[in-house]
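# Report on the structure
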Amino acid sequence: LITKNPSHGAILPRKKYHEMKIFNEEQVNSFLITANTSRFKLLYKIALATGMRQSEILGLKWEDIDWIKSTINVQRQAQQVNGKGIVFLEPKTRAGIRKIMVGKTILEELQAHKKKQEESKFIQLESWQENDLIFSTSNGTPFSQSNLMRDYYKILEKSNLPKLRFHDLRHTAASLMINRGIPIVVVSRILGHSMPSVT
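Figured I'd write up the structure that's included with this text. (Residues numbered from 1 in each chain as written. Predicted model: local features only at pLDDT ≥ 70, side-chain atom pairs only at ≥ 80, totals over all residues. Heavy atoms only, no water.)

Core analysis: the largest hydrophobic core is formed by 44 residues, its most contacted members being Phe31, Leu43, Tyr44, Ile46, Leu110, Tyr152 and Phe166. Contributing elements (two or more residues each) for this core: helix 1 (25–35), helix 2 (41–50), helix 3 (54–58), strand 2 (71–74), helix 4 (104–123), helix 5 (145–158), helix 6 (168–179) and helix 7 (184–191). Residue contributions to this core peak at 6 residues, all from helix 2. If near-sequence neighbours (up to four positions away) are discounted, Phe31 is found in contact with Tyr44, Leu48, Tyr152, Ile155, Leu156, Ser159 and Leu161. (Core = buried A, V, L, I, M, F, W, Y, C linked by side-chain atoms within 4.5 Å. Buried < 20%, exposed > 50% of the residue type's maximum accessible area, 1.4 Å probe, protein only. Helix = DSSP H or I, 4+ residues; strand = E, 2+ residues; numbered from the N terminus. Contact = heavy atoms within 4.5 Å.)

So, on to the pairing of strand 2. Going residue by residue along strand 2, you find Thr71 and Asn73 tucked away on one face and Ile72 and Val74 tucked away on the opposite face as well. Examined bridge by bridge, strand 1 (residues 65–66) and strand 2 share 2 bridges and lie antiparallel to one another. What sits directly across from Asp66, in strand 2, is Thr71. Taking the residues that link successive antiparallel strands as the turn, the strand 1-strand 2 hairpin has 4 residues, and the phi of Ser70 there is positive, at about 55 degrees. Here 4 bridges tie strand 2 to strand 5 (residues 98–101), and the two strands are oriented antiparallel to one another. (Pairing = 2+ DSSP bridges.)

A few words now on the pattern of salt bridges. Evaluation of the coordinates by the stated rule reveals 11 salt bridges. In this structure, Arg53 and Glu56 form a salt bridge, with 2.7 Å as the shortest nitrogen-oxygen distance. Overall, Arg53 belongs to the partly exposed group, its relative accessible area being 25%. Residue Glu56 is classed as buried on the basis of its relative accessible area of 2%. Three or more residues are tied together by salt bridges with common partners; here these are Lys114, Glu118, Lys121 and Glu130. (Salt bridge = Lys/Arg side-chain N within 4 Å of Asp/Glu carboxyl O.)

Once that is clear, we can look at the environment of Leu125. Mapped onto the fold, Leu125 is located in the loop between helix 4 and helix 5. You can call Leu125 exposed: its relative accessible area is 59%.

Another aspect to go through is the pairing of strand 4 (residues 85–89). Bridging between strand 3 (residues 77–81) and strand 4 involves 5 bridges; their strand directions are antiparallel. Within strand 4, the position partnered with Val81 by the bridge is Gly85. As consecutive antiparallel partners, strand 3 and strand 4 are separated by 3 residues, and within that stretch Gly83 has a phi angle of approximately 85 degrees, a positive value.

That is the geometry; function is a separate question.
Structural data, given as structure tokens:
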């Protein structure tokens, strides 16, 4: 009905680029020392070592660990859905499905965590709900993200660290990898980015 696009010639607002907020190595050490008494300490270590998203870590199952190849297979995420509770979904992109190499220390801590969970399962035999989750409540059900976030912010406060989002642990992990000389292409694959330019 109109012969001319009224938006032509409009002056677009400038795109604002916000600098990523991350912890430096000293702050990471301080955070991990304080987190040592937390029931989520291994979860935090995995987040900082791999850059996995919170939902990906909470969706991890024991079947995802390859003890021989020292890898974590990321193939699902735990999401809170209104009216349904926590559901398990595939990562949003193909790049999100990936294998991540982990060090000996993380593997040993995972083994110790598994042993502890088996003991808890034996005690809670009647109320235990088997989901094969690595990070579960004392009766095997998925963790509430709100409980994790409460614990996370408590640790930041105790460590006297800035109130960064949990997602900033992912940015911190990426920064640590790059600072240690890991090529961007490799870091991009570890993070599950669709292309290195995103990283």
